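Examination of the molecular architecture
Each chain, written out:
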Amino acid sequence: MNQEHGQEDGPEDEPEATRRETGEAESSRASRGWWDRNADEYQSDHGSFLGDDRFVWGPEGLDEEEAGLLGPADALKGLDVLEIGAGAAQCSRWLAARGARPVALDLSHRQLQHALRIGGEVPLVEADAGVLPFRDGSFDLACSAYGAVPFVADPVRVFREVRRVLRPGGRWVFSVTHPIRWAFPDEPGPEGLSVAASYFDRTPYVEQDERGRAVYVEHHRTIGDRVRDVVAGGFRLVDLVEPEWPAWNGQEWGGWSPLRGNLIPGTAIFVCERAED
């Protein structure tokens, strides 16, 4: 799960937050650099919540163990699974423990070093989600918990790559920030409950350095955009899950909090299946 921005440098190095257009190359470069710089802090702050071998779909804490969005846990044995934007490969370890054969892919070298630190036998691959280094039909399932999709300029390109590497009937499940959250300030308290921007403004959120180079990029798509992207990428939408905030979860994670989570959705999970020609 890859979501929470902010710099670890001193105040003099704080980037400028803006909304502007940005393309695939700049987005990819910014994401690789941001996660390489911030992976240590991210894993330190959120590692206990994510666990070493849990499959958590978002800050609400929805666990694949109970959700079963990839299918019944006992049916995962022997399946080839690709995790995209795997971070420290926590989800992949959960899959491996159930007899699946996962591969954990991430753009960030430093995130994958944390996967090595935690350990396990999961193969790790450093690559861009838009150019997957696998043969056609290599996997039975693909999944991504806040990985890659929110940060790419062309999600259809990613979806088509995922479709290419999936076998017929393969399932693709990914979670992203719920699109409605783009209309609200990214704050966990009451100030995050008032609409401050147009939901229909697709202009990317960019943090840039003093020379105007993007150091963090996140792309907004409406719910309708996401559905159309799924279809254009060669999938059919099976389910759209909006996890409710559970009573047990008292944590704040960036703009996610019990206050907001009990009123508006924070995560959207798209459950898709490979469409056949």
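Owing to the predicted nature of the structure, the values given are computational and were not obtained by experimental measurement.

**Remarks on the nonpolar core**
The tendency in soluble globular proteins is for nonpolar side chains to be buried side by side. With 27 residues, the main nonpolar core has Leu-82, Ile-84, Phe-134, Val-162, Trp-172 and Phe-174 as its most contacted residues. Elements with a minimum of two residues in this core: strand S2 (80-84), strand S3 (101-106), strand S5 (139-145), helix H5 (155-165), strand S6 (166-177) and strand S10 (267-274). Discounting chain neighbours no more than four positions away, the residues touching Val-162 are Ile-84, Leu-132, Ala-142, Trp-172 and Phe-235. One finds Leu-69, Leu-70, Ala-100 and Val-173 within the second-largest nonpolar core, a separate group that totals 18 residues.

**Here's the deal with the packing of aromatic side chains**
Across all of its chains, the model carries 17 aromatic pairs by this definition. Taking 6.2 Å as the distance between ring centres and 65° as the angle between the ring planes, the aromatic pair formed by Tyr-42 and Trp-253 counts as edge-to-face. Remark: Trp-253 occurs in the loop between strand S9 (235-241) and helix H7 (258-261) and Tyr-42 occurs in helix H1 (residues 24-50); sequence separation between them is 211 residues. The exposure class of Tyr-42 is buried, given its relative accessible area of 4%.

**Details of the pattern of salt bridges**
On inspection of all chains with the given rule, the structure shows 19 salt bridges. Residues Arg-20 and Glu-26 are paired through a salt bridge, measuring 2.9 Å at the closest nitrogen-oxygen approach. By relative accessible area, which is 18% here, Glu-26 ends up buried. Salt bridges sharing partners connect three or more residues here, namely Asp-80, Arg-101, Asp-140 and Arg-167.

About the cut-offs
Residues numbered from 1 in each chain as written. Predicted model: local features only at pLDDT ≥ 70, side-chain atom pairs only at ≥ 80, totals over all residues. Heavy atoms only, no water. Core = buried A, V, L, I, M, F, W, Y, C linked by side-chain atoms within 4.5 Å. Buried < 20%, exposed > 50% of the residue type's maximum accessible area, 1.4 Å probe, protein only. Helix = DSSP H or I, 4+ residues; strand = E, 2+ residues; numbered from the N terminus. Contact = heavy atoms within 4.5 Å. Phe/Tyr/Trp six-rings, centres within 6.5 Å; stacked < 30°, edge-to-face > 60°. Salt bridge = Lys/Arg side-chain N within 4 Å of Asp/Glu carboxyl O.

By themselves these figures say nothing about function.
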